Amino acid sequence: MKRRRMSAECEMDHSYAMPNVNDNSNALLKKIQNVYANKLLNDITLVVGGISYPAHRFMLCISSDVFETMLMNSTWSDSHQEVIELQEVQQCIEVFPVFLQYFYTGVITLEQSNIMPMLVLADKYNVKDLTTLCVEYMCEHIADAADQGQLVTWFQYVLSLNQPTTINASYYCKIWQDIDCMEIKPPWNRLLKACRNYIKWNLDSCTKCFNTFQCDILVGLLKQSDVVVHDEMQLFGCVASWLNYQSAEKLLECNDSDTIEDYMSSLTEHVMSYIRYPMILPRQMAQLLMVPVVKQNKDFFVDKMAAAMEYNLIKTEKRSDSEHILECTPRLYTCERWGNSFRVRTKVIQNYQSIKREIVTCSSLFDRERELNEESNWEIEMYLKGMCFGKAMLVSWRGSIEVPEVIIKTVRATIKMKLRPEDIGKVARHVRVAILVYAVQNKIVHVVTVVQKVVLFDTNQNLITIDDLMVYDAVNQPTTNEDLIHINDTNVSYFMSDRVPLKFHVIITPIITGLTDTHVGTRIQHVHF
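Residues numbered from 1 in each chain as written. Predicted model: local features only at pLDDT ≥ 70, side-chain atom pairs only at ≥ 80, totals over all residues. Heavy atoms only, no water.

Draft legend 1. A look at the overall build of the protein. A count of helical and extended segments in the protein gives 17 helices and 21 strands. Burial statistics for the protein: of 529 residues in total, 49% are counted as buried. Within the protein, counting contacts between residues at least 6 apart in sequence, those at least 24 apart form 70% of the total. As displayed, the protein offers around 26,700 Å² of accessible surface, 49% of which is attributable to carbon and sulfur atoms. (Helix = DSSP H or I, 4+ residues; strand = E, 2+ residues; numbered from the N terminus. Buried < 20%, exposed > 50% of the residue type's maximum accessible area, 1.4 Å probe, protein only. Contact = heavy atoms within 4.5 Å. Areas by Shrake-Rupley, 256 points an atom, 1.4 Å probe, with all protein chains shown as cover.)

Draft legend 2. Looking closely at the packing of aromatic side chains. One pass over the structure, following the stated rule, counts 15 aromatic pairs. Between the aromatic rings of F300 and F301, the centroid separation amounts to 5.0 Å while the plane-to-plane angle is 80 degrees, which identifies the pairing as edge-to-face. In terms of burial, F300 and F301 fall into one category: buried. An aromatic cluster of three or more residues is present, and its members are Y53, F67, F96, F99, F103 and Y125. Directly above the ring of Y263 sits K250, whose terminal nitrogen or CZ lies 4.4 Å from the centroid. (Phe/Tyr/Trp six-rings, centres within 6.5 Å; stacked < 30°, edge-to-face > 60°. Lys NZ or Arg CZ within 6 Å of the ring centre and 35° of its normal.)

Draft legend 3. Main features of the side chain of S363. Relative to the elements of secondary structure, S363 occurs in the loop between β9 (355-362) and β10 (375-383). Accessibility expressed as a relative area gives 14% for S363, which makes it buried. A distance of 3.4 Å separates the side chain of S363 from the backbone oxygen of E375, its partner in a polar contact. At a separation of 2.7 Å, a polar atom in the side chain of S363 contacts the side chain of S376. (Polar contact = N/O pair within 3.5 Å; in protein donor to acceptor, adjacent residues only side chain to side chain.)

Draft legend 4. Structural detail: a nonpolar patch on the surface. A cluster of nonpolar side chains, L394, I401 and V403, forms an exposed patch at the surface whose accessible area comes to about 260 Å². By secondary structure assignment, the location of L394 is in strand β12 (residues 392-396). (Patch = residues over 30% accessible without salt bridge, like charges linked within 9 Å, V, L, I, M, F, W, Y side chains within 5 Å. Salt bridge = Lys/Arg side-chain N within 4 Å of Asp/Glu carboxyl O.)

Draft legend 5. The arrangement of helix α10 (residues 188-201) in detail. Here α10 is 14 residues long and its end C-alpha atoms lie 20 Å apart, about the 20 Å a rise of 1.5 Å per residue gives. A large share of α10 lies buried, amounting to eleven of its 14 residues. Residues of α10 that are buried include every one of W188, L191, L192, A194, C195, R196, N197, Y198, I199, K200 and W201, and no others. (Expected span 1.5 Å × (residues − 1).)

Draft legend 6. Structural view of the pairing of strand β13 (residues 399-403). With five bridges connecting them, β12 and β13 associate as antiparallel partners. When the sheet's bridge partners are listed, A392 is paired in β13 with V403. Turn length for the β12-β13 hairpin, with the two strands adjacent in sequence and antiparallel, is two residues. (Pairing = 2+ DSSP bridges.)

Draft legend 7. Quick look at the environment of F529. The topology assignment puts F529 in the segment after β21 (523-526). With residues near it in sequence (within four places) discarded, F529 still touches K193, V448, T449, V471, I487, N488, T490 and Y494.

Draft legend 8. Representation of the side chain of T410. The residue T410 is located in the loop between β14 (406-408) and β15 (412-418) in this model. The exposure class of T410 is buried, given its relative accessible area of 5%. Among the polar contacts listed, one links the side chain of T410 to the backbone nitrogen of D468, at a separation of 3.1 Å.

Draft legend 9. View of the pattern of salt bridges. Applying the stated criterion to the full structure yields eleven salt bridges. Across the salt bridge formed by R412 and D467, the nearest N and O atoms sit 2.6 Å from each other. On the criterion of sequence distance, the pair formed by R412 in strand β15 and D467 in the loop between β18 (463-466) and α17 (472-476) is long-range, its members being 55 residues apart. A salt bridge links D423 to R420; its shortest N-O distance comes to 2.9 Å. Overlapping salt bridges, with partners in common, bring together R283, R337 and D367 in one network.

See the structure below:
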């Protein structure tokens, strides 16, 4: 008796229900619902949180594999009991009547306030169809979960269900990069990917749930170079807030001030070691001295800040070993030093027409006085409406051949290094190029796609091309306020309305061989698809 989501879903209350079936089945369903509502013919009672729920063994067994084992396997003591007490946490106790009612009605209303305890119950009792509905709901409300401070909890819960039998330090780093480090199957793989990438690329919208990170998972995040933040100072502030929260939680457990001080000192040095201090500008370092966590751990932070200042003062690049190479690798910083954002209105663009924007970035990785005036100029060209190559004649010694017109339906971006005539043949730039593409889910704008590529721009190559930057049909299908085109099979759109332009952000950061991590390759990654 499989329950599925109705095709005519109520958008306001996110109701999920059985599909339309024939009249006889509807009549049977109503009778089943009536039996539950009026507590008729019950042959078992479930006690949860001190409250008794009359139920029916048959309905419990056909709805849940766990209840089937409990009630049908004679080796289980519960199989002979008429009253069974279930141990649940408080949040699950509160939603249990709705959970049980779903067995009889096939209808449930999911929302942010009940989705986690409902998923916990569905997974615990192996109610597969309800588990699938919960995961579908969560995938459609990733942005809302971040806005309401629940996304990190979702991410960590999915991880807990799919952890390998043995876990080492590298595991917590790998979970932020891919899911190959664990055997994870649908529907969990899609939810894990969406939570992970949304957090990495929209960290500024996850401030409400940042403090709920488990320590090892947070450290794994801090080791990543594709975290999108304004600058390293913003990330430092997030970690400082997390430490304050941990201190407050520790105070509730322990009254010994010396124990708490030792614990927090050790925790601070462990977590704050993964902040990339050389990426903090010297003029920002003075601000760090006023932060309470720095005052409380002055020796540790002064050493970190002094080592970072060396990169900004020495005339030759300091060589870094593999253990510390990440500290000189920029993350995806959105501050103006490394790039800029721009918006495009597709309605004013003709088919196959491109649009151009220019940005200026700093050529030096560090803020050295002798290099303050070194800048790089870039031309960004976007082909949002596809590309058309007109008819042409191919002339060879054998004769002429007519080449037909070719239309390529792709969203293409090109990045070109612009040089002054006197710099041609003299200037080369080894950089990481990143393009952030924004989209909308439930009216919340966020980064949905990140493209990264490591490139050496020089005389032989001063332009790169990136195809399939966006889903072509989702950009170019006609759209109105009432009928937005969604990306693939998601509830995500590149447009909030037909009047709101597309948004991009281009980031170009320098690479120094032997000092900066270059294990990026060419990657196009998405949140929801």
